[in-house]
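# Structural overview
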Amino acid sequence: MNAVEINFDGIVGPSHNYAGLSLGNLAATAHAGDTSYPRAAALQGVAKMRHNMALGLTQGFFLPLPRPNPVFLAAIGADGSEDRRLRAAAWSASSMWTANAATVSPGADTTDGRCHLTVANLVTMPHRSQEWPDTLRQLRLAFGEESSFAVHDPVPPCFGDEGAANHMRMTARHAEPGIEIFVYGKSGGAFPARQHEQASRAVARLHGLDPTRLLFVEQNPEAIAAGAFHNDVVAVANERVLFTHELAFADPEGTYAAIRAALPEAEIVIVPADAVSLADAIKSYLFNAQLLTLPTGEMALVIPLEAWEHPRVRAWLDGMLASNGPIRRVLPVDVRQSMANGGGPACLRLRVVADPATVDPRFLLDPAKAERIETIIAAYWPESISPGELGSEALAEKVNAARHALLEALDLAELS
Ligand code: SUG
């Protein structure tokens, strides 16, 4: 078996908008009411996928979900008198952030040798809680080969689960057994703690993970209060490297010691708060980066332009590159439309370590397919949406037609 890391990015849906629905996500609430640019947003997303493919990496994608969501609108008895925010929830393109689609444990870590995926219930935010049934349909198609994959229903809704955004895996090499680190938050702060400890523990059990290679780590309440609504806003791991803000975890020293005990080759790159404050880290999204192993074996950090342009973050990155650390390249990408809703390069992708030959090829990208996707986006995606337009029948028709054109072009009309 030839297992590699495949990044599945969410194609930004045609209803992408700024409704300010995510309390505790400072970018999203700051941009509430702004005009969005779905076409530009989706093209930025495809450009990022092309960028990473050009590095020699395997790229996949997931499709936008049905929006406005007829199931959700029917379930709340929508008749036009519903709260503005509930209406907006039915229009949200939030499934683009596939780091929240599921938690993934590669076959090298599981007792039955299959790659396990548990779709995230995303219950904390109403606009995100309606994603999982349609996400699950895609996961069951993309990873339908049952000798290689097991796709699980969500954990019970009494335990909030936000998927891979609160899960890190470390290993010497992707295809080898690793340690899995689940990060949860405790409620009680100013902002919701979206990942519950019991959800993480349930996922670990469902995936058949080895208890001796598992860590459950509490997120620093200070980080949540500063706007780190998911752990991937303050930390990212890849193979033997953990890149983290010093204030990411409630017990940083205990966490580092446990990681080193479980994986002696671990290298932990810690960014101190006096170089980059939590506020700077969250504003710039330095850690919401894709830490990737290139075919040469070097590690590269794909960061948002906002981080590259931030003076204190840039100074720290320049220092890191000049040192002899494990991260050898820093590659900025433009995902500004997603960033304004609190979604950086890492939010936009779900990592799956598997043999690409076992994945439904319709979900894998190549340059010709990227061009086909760009053509559909250019022809069908609305140029702009202001939140006041949400609810418009004409816009709903346009958004539906756009999604269907893409499904047809990718031979995935069965997801209609
Ligand atoms: O859940 N934003 C998303 C951003 C998700 C980022 N994902 C990761 N960190 N992995 C969220 O808060 C904003 C939508 C709005 O307000 O209209 C939003 O849902």
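Thresholds applied
Residues numbered from 1 in each chain as written. Predicted model: local features only at pLDDT ≥ 70, side-chain atom pairs only at ≥ 80, totals over all residues. Heavy atoms only, no water. Helix = DSSP H or I, 4+ residues; strand = E, 2+ residues; numbered from the N terminus. Buried < 20%, exposed > 50% of the residue type's maximum accessible area, 1.4 Å probe, protein only. Contact = heavy atoms within 4.5 Å. Pairing = 2+ DSSP bridges. Axes fitted to C-alpha atoms, helices over the stretch in contact; angles between N-to-C directions.

## Structural notes on the side chain of Ser-95
Here Ser-95 lies in the loop between helix 4 (84–91) and strand 3 (102–105). For Ser-95, a relative accessible area of 15% translates into the label buried. Not counting residues within four places of it along the chain, the set of residues in contact with Ser-95 comprises Pro-64, Leu-65, Arg-128 and Glu-131.

## Structural notes on the environment of Pro-68
With respect to the helices and strands, Pro-68 occurs in the loop between strand 2 (58–62) and helix 3 (70–75). Its relative accessible area of 13% is what places Pro-68 among the buried residues. Along the backbone, Pro-68 and Glu-393 are 325 residues apart, and their C-alpha atoms lie at a distance of 9.9 Å. In contact with Pro-68, other than residues within four places in its own chain, are Leu-73, Ala-90, Trp-91, Ala-396 and Asn-400.

## So, the sheet that holds strand 1 (residues 4–10)
In space, the three strands of this open sheet follow the order 2-1-15, with mixed pairing throughout. If you trace the sheet from one side to the other, it starts and ends with strand 2 and strand 15 (349–354), each paired once. Sheet twist, expressed as the mean angle between neighbouring strand axes with direction ignored, is 30°. By the bridge criterion, six bridges tie strand 1 to strand 15 in an arrangement that is antiparallel. In the sheet register, Ile-6 faces strand 15, and the bridge partner there is Val-352.

## Some remarks on the sheet that holds strand 13 (residues 299–304)
Read from one edge to the other, the open sheet built from three strands follows the order 12-13-14, with strand pairing classed as mixed. Two strands lie at the open edges of the sheet, namely strand 12 (290–293) and strand 14 (327–333), each paired on one side alone. Sheet twist, expressed as the mean angle between neighbouring strand axes with direction ignored, is 25°. Here strand 13 pairs with strand 14 via six bridges, running parallel. Residue pairing for strand 14: Ile-303 is matched across the bridge by Pro-332. Contacts from helix 12 (residues 311–322) reach strand 13 and strand 14 within the one sheet, and its direction differs from that of strand 14 by about 145°.

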